Amino acid sequence: MVEAGLFAICAGISAFYHESSYICFVWAILINIGIGGVMILAGNRKSNIVSRRDGYCIVSISWILFTLLGMLPFYLSGYIPSVTDAFFETMSGFTTTGATILNDIESLPHGLLFWRSFTQWIGGLGIVLFTIALLPLFSGSSQQLFLSEATGVTHDKIHPKIKVMARCLWLIYIGLTLLEVVLLMLGGMNLFDALCQAFATTATGGFSTKQDSISYWNSPYIEYVVSIFMILSGVIFSAFHGTIPAVTGAVLDSAKEAVTLCITMTGVMSFWMGLMRIAERGGVIAGLSRKLKPVLRFLFPQIPPEHVVNEQIAANMIANIFGLGWAATPAGLKAMESLEALEESRRKEMGTENGAAKRKKGHQTKPAPVPRGTANAEMCTFLIMNISSLQ
């Protein structure tokens, strides 16, 4: 019954934008009311005392049933014609996972886009907690339901009045969402996009109304707002759950590990890079590179024999052969930069009149360049060599 109310909001959004998809929400509302009415009649005059085991069962069934009914608009509209895909998309929303099966998000009508983001917002605090805050039905069993759904929360960490706590959490949740909507609109978003993005942010999810997510707006301001509100949401709700000491400890431990890692990497990389530089100046790298020329010609036939990238690839391979992983990284990065420079020179050459004439006459002897930002064949081969430990 609660979900039917949520569908009514989405149907209103569809009707506002004059979209035919509102019919799908109407059918979903009727199905929800029918199933909810049967369940209410079946449970009428039954004991509402819930044990811990009952709480786990109710929470598990609630999540599954909410998802099964929540996928109806996607499925009935035909935008996600597969039951499995529709279920996955809805469950990804309610669990704030953020994974999606959609390849063209912007093709969805506004009502479905709103419902897609709304599922994350509802799932951010939890379906059962949302229900506890709205309905008086669980007054005698709200604590067992809350403890069954909440992660890492024990009796001594929560407010004794679960309903009061649930309502306070939702008031803060709504307040954060509205504040973020205003800030996003100041950054250039329209109301609809700002609202949907705020739903995903305060829930620490990943859904968006655009295929490129927040990078669509190309705005550092929007990225800062989204990042700050995701952190803020996590900290505030950790405080309510009584786990703020764990958050503080995790922050301090992470900072300590980051500094330790940087110091360690700086020392080790300096040592091995210096050793490789000595080997290079002493002619060791050049000698070994000559030995590897047949291998390099076989693996990278399109690279000119005298190009500097051959030495960099050879240095990377030699470092890996001797187990000098720290020294192999700088050589690998330099090799990738040189491969990109080589690809850029190919683009310029193929863009000249002579290159165009050769292509027309069918005398092209060099590989066609790939678009900027795309890895070419040599880059992919070099990357596979490193990640597969071929050396």
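An account of the accompanying structure is given in this report. (Residues numbered from 1 in each chain as written. Predicted model: local features only at pLDDT ≥ 70, side-chain atom pairs only at ≥ 80, totals over all residues. Heavy atoms only, no water.)

Here His18, not a glycine, exhibits a phi torsion of approximately 60°, which is positive. Topologically, His18 is positioned in the loop between α1 (2–16) and α2 (22–42). You will see that Asn218, though not glycine, has its phi angle at about 50°, which is positive. Relative to the assigned elements, Asn218 resides in the loop between α10 (191–202) and α11 (220–240). Asn218 sits in the exposed class, given a relative accessible area of 66%. (Helix = DSSP H or I, 4+ residues; strand = E, 2+ residues; numbered from the N terminus. Buried < 20%, exposed > 50% of the residue type's maximum accessible area, 1.4 Å probe, protein only.)

On to the side chain of Asn376, then. Mapped onto the secondary structure, Asn376 falls in the loop between α16 (353–361) and α17 (377–387). Within polar-contact distance, the side chain of Asn376 engages the side chain of Glu343 at 2.7 Å. (Polar contact = N/O pair within 3.5 Å; in protein donor to acceptor, adjacent residues only side chain to side chain.)

This part is about α10. Between its first and last C-alpha, α10 extends 16 Å over 12 residues, near the 16 Å set by a 1.5 Å rise per residue. Burial runs high along α10: 10 of the 12 residues are buried. Taken together, the buried positions of α10 are occupied by Phe192, Asp193, Ala194, Cys196, Gln197, Ala198, Phe199, Ala200, Thr201 and Thr202. Of the residues flanking the start of α10, the one acting as N-cap is Asn190, its side-chain oxygen 3.2 Å from the backbone nitrogen of Phe192. Two residues or fewer after α10 comes Thr204, characterised by a positive phi angle close to 55°. (Expected span 1.5 Å × (residues − 1).)

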